[in-house]
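# Structural overview for review
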Amino acid sequence: MEFDYIIVGGGSAGCVLAARLSEDPQVRVALLEAGGPNDGILNRVPTGAAVHIVNRNACNWAFSTTPQIGLGGRIGYQPRGRGLGGSSAINAMIYLRGQREDYDDWAADGATGWGWKDVLPYFLKAENNERGVSGWHGSGGPLNVADLRSPHPFAALFIEAGMQAGLPRNDDFAVETQEGVGYYQVTQKNGERWSVARAYLDPVRARPNLRIETAAFATRIAFEGARAVGVEFVQDGTRRTLRARREVLLSAGALQSPQLLMVSGIGPAPSLQGLGIPVVADLPVGLNLQDHLDIIINRRVDNTDLLGISPIGAYKLMRAIGQWRRERRGVLTSNFAEAGAFVRTLPELTRPDVQLHFVIGMVDNHNRTFHWGHGMSCHSCPMRPRSRGMVHLASSDARDAPLIDPGFLSASEDLETMVRGFKTVRRIFAQPAFAPFGGADASRELYFSDVRSDDEIRAAIRARADTIYHPVGTCRMGSDARSVVDPQLRVRGVERLRVVDASVMPRLVSGNTNAPVVMIAEKAADLIRSASTPAILQDSNAVRETVPA
Ligand SMILES: Cc1cc2nc3c(=O)[nH]c(=O)nc-3n(C[C@H](O)[C@H](O)[C@H](O)COP(=O)(O)OP(=O)(O)OC[C@H]3O[C@@H](n4cnc5c(N)ncnc54)[C@H](O)[C@@H]3O)c2cc1C
């Protein structure tokens, strides 16, 4: 029961760590994942996520937020992936990196070594872009990145309308310039979801030095003094402990990594003491929570090619199932949000501040509220929100869901950015390309048909907005007292413990977060290896930087 590295959480980050660290046959690695193997058909059909996202199930923790003052006291929804692949097993598969300035801002704010030039090699290392290798894209990496196999005609209309609204066409949002409108690339392979578990874990499962335990819920990090020495977990109703010879690596995601740290005694001392938890290190764990708040304009459209509920829709779905089974093509390969745009909502801005996701169906309440008929929708979210929230403990038991307070709209600028994003969507819908499908007529919008003035838009946002699933920042990386981990991702004030997942992002990146998390884990694997191996044997950027010229 002793391993060199114990990784807690087999999500996007944990799968990368398990695969990379076990490349060395001398090193024994254990991966503990609370959920299951996630190897069912719905984990492979790209549209299967629509089933998983709606409620608590084997693949989804389905957390809730605390009542959000900025949203009129509403309780938000927080789906989070459970099982191997984590959130990459239920996400919308969009491949993005954010903007280069995001990473340069991290570095300037104390995350030394995480500027754009430092992280780009790890994006490239992770990637197998089917468009081929270039200065901007990698080839031969585990994470397959593809163009949609069967793009929907309405995604093309959205792109046309975006261009009519004055946006430049952009065929690749992951390169130098993010601004514009175009198709998203997706983490799929041959028409199937390419979760991080499929990408990184499946090819290496047979390694004798890698032990993967599913249904293994970690309840506490074990310490001897200030040194992490193992992980306690529950499996099949039995409490077990694994000991770590080198390090414990926490990859339970931005909501559960801080929770595990806190129940183990690492967090804000007064709140831990209030719950009777002995303090191992007094750190700002759980603070700095950031998320993308999203407002969706849904429009009814009398076109049964769009996703929807109707007899013809059901018939088309049946045919699509057959097509996917035969060819791995058709609408079941859709990631729903097929096209998008990155927009500067004020002329004086130097880079886009709002992201749009165009979806080939109506999406209400995270797909939990259905509407008869067919339609389309467009999400808009401010990419670099100023609002900050926190994750804290409901109890000292890791099995109780954490209290999640994203602090949505606690910064008033975010609401104003959202108003501009809302108007941008309407401006695009009003273009000639959409004229046959409603155009400037908002009367077919769900909920918003009477919304006109800025005040009405503000009220609509407070009444309807919710997450677009990118919580980060709760174990902030940095070099000062605001940070939980240092730029090597080591938890400050203790030994042999790192956090490697979305929690460490000092600030939310300008876009979807899966590829950035994979990048973080790729770089972390090099940092971990360089800490335990003589530098001369290493071949990584991280090490080259630490070797004096
Ligand atoms: C519905 C949805 C749609 C999204 N769409 C996109 C998208 O299209 N593109 C994109 O780039 N990003 C998207 N994201 C975000 C992206 O998938 C996540 O940011 C990323 O997967 C987070 O990786 P992580 O490793 O930090 O956490 P996760 O991948 O969530 O992994 C955490 C893992 O830890 C496990 N765990 C938690 N607690 C314990 C414990 N106590 N013991 C053992 N195991 C534990 C969990 O079960 C989980 O498997 C989406 C997310 C969601 C939820």
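The paragraphs below set out a description of the structure included in this document. (Residues numbered from 1 in each chain as written. Predicted model: local features only at pLDDT ≥ 70, side-chain atom pairs only at ≥ 80, totals over all residues. Heavy atoms only, no water.)

### Observations concerning the overall build of the protein chain
Helices and strands together make up the secondary structure of the protein chain, namely 14 helices and 24 strands. Here the C-alpha atoms of the protein chain give a radius of gyration of 23 Å, agreeing with the 24 Å that 2.2 N^0.38 yields for 549 residues. Accessible surface, the protein chain as shown: approximately 20,400 Å² in total, 53% of it carbon and sulfur. Each charge class in the protein chain can be summarised by its mean position, and for the 61 positive and 58 negative side chains these summaries are 4 Å apart. (Helix = DSSP H or I, 4+ residues; strand = E, 2+ residues; numbered from the N terminus. Rg over C-alpha atoms; globule rule 2.2 N^0.38 Å. Areas by Shrake-Rupley, 256 points an atom, 1.4 Å probe, with all protein chains shown as cover. Lys, Arg positive; Asp, Glu negative; His and termini not counted. Charge placed at Lys NZ, Arg CZ, Asp CG, Glu CD.)

### Brief notes about the nonpolar core
Judged by nonpolar contacts, the single largest core of 98 residues is most densely connected at Leu17, Trp106, Trp114, Leu261, Ile266 and Leu497. With ten residues, the top contributor of residues to this core is helix 13 (residues 514–532). Among the nonpolar cores identified, the runner-up in size contains 41 residues, and Leu71, Ala155, Leu157 and Ile295 belong to it. (Core = buried A, V, L, I, M, F, W, Y, C linked by side-chain atoms within 4.5 Å. Buried < 20%, exposed > 50% of the residue type's maximum accessible area, 1.4 Å probe, protein only.)

### A look at the site of the ligand
Taken together, 39 residues sit near the ligand, with Ser12, Glu33, Ser87, Thr513 and Asn514 positioned nearest. Contact between the ligand and Ala34: a nitrogen atom at 3.1 Å from a main-chain N or O atom of the residue. Measuring from an oxygen atom of the ligand, one finds a side-chain N or O atom of Asn91 at 3.1 Å. When the ligand is considered free in solution it has 1,000 Å² of accessible area, and contact with the protein chains removes 98% of it. Only helix 1 (12–21), strand 11 (217–224), helix 8 (253–263) and helix 13 provide two or more residues apiece to the shell around the ligand. For the shell around the ligand, the element with the highest residue contribution is helix 8, accounting for three residues. Grouping the amino acids of the shell around the ligand by side-chain chemistry returns 19 nonpolar, 16 polar and four charged. (Near = heavy atom within 4 Å. Polar contact = N/O pair within 3.5 Å; in protein donor to acceptor, adjacent residues only side chain to side chain. Nonpolar A, V, L, I, M, F, W, Y, C, P; charged D, E, K, R; others polar.)

### So, unusual backbone geometry
At His366, a position not held by glycine, the phi torsion is positive, near 60°. Counting through the fold element by element, His366 comes out in the loop between strand 19 (354–359) and strand 20 (373–382).

### Description of the packing of helix 1 against helix 13
Two packed helices can be described by the angle between their axes and the distance between those axes. With their axes 8 Å apart at the nearest point, helix 1 and helix 13 run at an angle of 35° to one another. Both helix 1 and helix 13 take part in a crossing whose hand is right-handed. On helix 13, the residues touching Ser12, Ala13, Val16, Leu17, Arg20 and Leu21 of helix 1 are Asn514, Val517, Val518, Ala521, Glu522, Ala524, Ala525, Ile528 and Arg529. Among the residues making up the contact of helix 1 with helix 13, the classes are represented as ten nonpolar, two polar and three charged. (Axes fitted to C-alpha atoms, helices over the stretch in contact; angles between N-to-C directions. Left-handed = near helix turned anticlockwise from the far one by under 90°. Contact = heavy atoms within 4.5 Å.)

### A closer look at the pairing of strand 16 (residues 293–300)
Within a regular beta strand, the side chains point alternately toward one face of the sheet and then the other, so they alternate between its two faces. Counting buried residues in strand 16 gives seven out of eight residues, a clear majority hidden from the surface. Alignment of strand 16 against strand 23 (residues 466–467), held across two bridges, turns out to be antiparallel. Bridging across to strand 23, Leu293 finds its partner in Thr467. Across six bridges, strand 16 lies against strand 20 in antiparallel orientation. From the neighbouring strand, Arg300 faces strand 20, where its bridge partner is Gly375. (Pairing = 2+ DSSP bridges.)

### Describing the packing of aromatic side chains
Summed over all chains, the structure comprises 15 aromatic pairs. Seen from their ring centres, Phe173 and Phe342 are 4.8 Å apart, and the 65° between their planes marks the pair as edge-to-face. With a gap of 169 residues between them, Phe173 in the loop between helix 6 (153–164) and strand 7 (180–183) and Phe342 in strand 18 (residues 337–343) connect regions that are remote in the sequence. Residue Phe173 is classed as buried on the basis of its relative accessible area, which comes to 4%. A relative accessible area of 0% places Phe342 in the buried class. (Phe/Tyr/Trp six-rings, centres within 6.5 Å; stacked < 30°, edge-to-face > 60°.)

### Regarding helix 12 (residues 454–464)
An α-helical turn contains 3.6 residues, so any two residues separated by three or four positions project in the same direction. Buried within helix 12 are the following residues: Ile457, Ala460 and Ile461. Burial along helix 12 is one-sided: seen end-on, the buried residues are contained in an arc of 100°. The inward-facing, buried residues of helix 12 contact strand 4 (74–78), strand 16 and helix 11 (412–429). (Arc of directions from axis to C-beta.)

### Quick word on the pairing of strand 20
Of all ten residues in strand 20, ten are buried; the element is thus mostly enclosed. Here strand 20 shows two buried faces, one formed by Gly373, Gly375, Ser377, His379 and Cys381 and the other by His374, Met376, Cys378, Ser380 and Pro382. As defined by bridge partners, strand 19 adjoins strand 20 across six bridges and the pair is classed as antiparallel. Its bridge partner being in strand 20, Val354 is matched across the sheet by Pro382.

### Observations regarding the packing of helix 4 (residues 100–108) against helix 5 (residues 116–126)
Packing of helix 4 against helix 5 leaves a shortest axis separation of 8 Å and a crossing angle of 125°. On the basis of the axis angle, helix 4 is oblique to helix 5. Side by side, helix 4 and helix 5 meet where Arg100, Tyr103 and Asp104 of the first sit next to Trp116, Val119 and Phe123 of the second. Its residues assigned to classes, the contact of helix 4 with helix 5 comprises four nonpolar, no polar and two charged. (Parallel < 35°, antiparallel > 145°, perpendicular 65-115°, else oblique.)

### Quick word on helix 1
Where burial is concerned, most of helix 1 is hidden: ten out of the ten residues are buried. Buried within helix 1 we find Ser12, Ala13, Gly14, Cys15, Val16, Leu17, Ala18, Ala19, Arg20 and Leu21.

Everything listed here is a matter of geometry and, on its own, says nothing about what the molecule does.
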